[in-house]
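# Chain and residue survey
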Amino acid sequence: MTDDYGGVQHWTDLLTQREVWQDAEGVIHRLDDLPPDRCARIHAFCMRQADGVYDLIGMQLAAAPEMSETATEAFDRAFDSFMYDTTPAAWLAGTPLLEALRARSYDLPADWRTCHCGYPLVDEKGELWDHSACYPGVIID
Ligand SMILES: [Zn+2]
């Protein structure tokens, strides 16, 4: 599954997923396998580059290929909200990758809506379940 992410050009290519991180040597790591302190450092590393990443993504959006009229309208709305409704840091912190890194830095699963055990962290009434005995790789029969 992690092979799908092999050889990304830049870590910003990983912003839309909650599963993996690629280190400086190009090695792909599952976020759930990385220790919390390392995820906290990666999160800080990303946030320090918020302004540059914001500009980079903005340029990529502006260079998007021609689209149908409906797609263009949807794109224009997305672009406007990207450009005007937020700050670079707030935008970056809200991407799936950064949310996942933040969850991992608190030792929560990268996809924090689901625990390591596969059950939701919060039930349908919004109440927290006790997952204190769960750990990465736990098997529930
Ligand atoms: Zn659990």
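What you are looking at is a predicted structure, and each value in this text was computed from that prediction instead of being measured.

### Comments concerning the pattern of salt bridges
- Within the structure shown, the criterion is met by five salt bridges.
- When the shortest N-O distance is used, the salt bridge between Glu99 and Arg18 registers 3.1 Å. One end of the pair, Glu99, is in helix H5 (residues 96–105); the other, Arg18, is in the segment before strand S1 (20–22), with 81 residues separating them in the sequence.
- Judged by its relative accessible area of 27%, Glu99 is partly exposed.
- A salt bridge links Asp32 to Arg30; its shortest N-O distance comes to 3.7 Å.
- One salt-bridge network, held together by shared partners, links Arg30, Asp32 and Asp33.

### Side note on the confidence of the model for the protein chain
- Across the protein chain, the average pLDDT comes to 82, with 82% of residues at or above 70.
- Confidence scores differ between elements of the protein chain, with helix H3 (residues 69–84) showing the lowest mean pLDDT of 70 and helix H1 (residues 36–48) the highest of 96.

### What to know about the packing of aromatic side chains
- Counted under the stated rule, the structure contains four aromatic pairs.
- Where Trp11 meets Trp21, the ring centres are 6.1 Å apart and the plane angle is 45°; that geometry is what we call tilted. Residue Trp11 is found in the segment before S1, and its partner Trp21 is found in strand S1; the two are separated by 10 residues along the sequence.
- For the ring pair Trp21 and Phe45, a centre distance of 6.2 Å and an interplane angle of 80° mean the geometry is edge-to-face. Placement of Trp21 in strand S1 and of Phe45 in helix H1 is noted, with a sequence separation of 24 residues between them.
- Given the relative accessible area of 33%, Phe45 is considered partly exposed.

### A few points about the nonpolar core
- Within the largest apolar cluster, 21 residues are counted, with the highest numbers of intra-cluster contacts made by Trp11, Leu15, Trp21, Leu31, Leu92 and Leu97.
- Secondary structure elements with two or more residues in this core: S1, H1, helix H2 (50–62), helix H4 (88–93) and H5.

### Some remarks on the side chain of Gln17
- Relative to the elements of secondary structure, Gln17 occurs in the segment before S1.
- A polar contact of 2.9 Å, which involves the side chain of Gln17, links it to the backbone oxygen of Leu14.
- A polar side-chain atom of Gln17 sits 2.8 Å from the main-chain amide nitrogen of Val20.

### Digging into the environment of Gly52
- Residue placement: Gly52 occurs in helix H2.
- Gly52 sits 36 residues away from Pro88 along the chain, and the two C-alpha atoms are 8.6 Å apart.

### As for the coordination of the zinc ion
- Every protein donor of the zinc ion is accounted for by Cys115 (SG), Cys117 (SG), His131 (ND1) and Cys134 (SG), and the metal-donor separations fall at 2.0 to 2.4 Å.
- Classification of the site at the zinc ion rests on its four donor atoms, whose angles at the metal span 100 to 120°, yielding the label tetrahedral.
- Sequence spacing among the residues donating to the zinc ion works out to C-x1-C-x13-H-x2-C.

Cut-offs used in this document
- Throughout this description, residue numbers start from 1 for each chain and increase along the sequence as written.
- Restriction of local features to residues with pLDDT of at least 70 applies here, the model being predicted, together with a cutoff of 80 or more for giving and counting side-chain atom pairs; totals for whole chains, interfaces and linings are based on all residues.
- Note that the side-chain values use all heavy atoms of the structure and ignore hydrogens as well as water.
- By convention in these notes, a salt bridge is any Lys or Arg side-chain nitrogen within 4 Å of a carboxyl oxygen on Asp or Glu.
- Helix and strand assignments follow DSSP, with helices taken as H or I runs no shorter than four residues and strands as E runs no shorter than two, numbered in order from the N terminus.
- A 1.4 Å probe rolled over the protein chains alone gives each residue an accessible area, and that area as a share of the maximum for its type sets the label: buried under 20%, exposed over 50%, partly exposed in between.
- Confidence of the predictor at the level of single residues is captured by pLDDT, which takes values from 0 to 100.
- Each Phe, Tyr or Trp ring, with Trp reduced to its six-membered ring, pairs with another whose centre is within 6.5 Å; inter-plane angles below 30 degrees give stacked pairs, above 60 give edge-to-face pairs, and intermediate values give tilted ones.
- Among the buried residues, those of types Ala, Val, Leu, Ile, Met, Phe, Trp, Tyr and Cys that are joined through side-chain atoms within 4.5 Å form a nonpolar core.
- N or O atoms closer than or at 3.5 Å make up a polar contact, with two conditions inside protein: a donor-capable atom paired with an acceptor-capable one, and, for residues adjacent in sequence, both atoms drawn from side chains.
- Sodium, potassium and calcium take a 3.2 Å donor cutoff, other metals 2.8 Å, and in both cases only N, O and S atoms count; water is not among them, so sites may look incomplete.
- Any coordination sphere not matching a tetrahedral pattern (four donors, all angles between 85 and 135 degrees) or a square planar or octahedral pattern (four or six donors, opposite donors over 155 degrees apart, other angles between 65 and 115) is reported as irregular.

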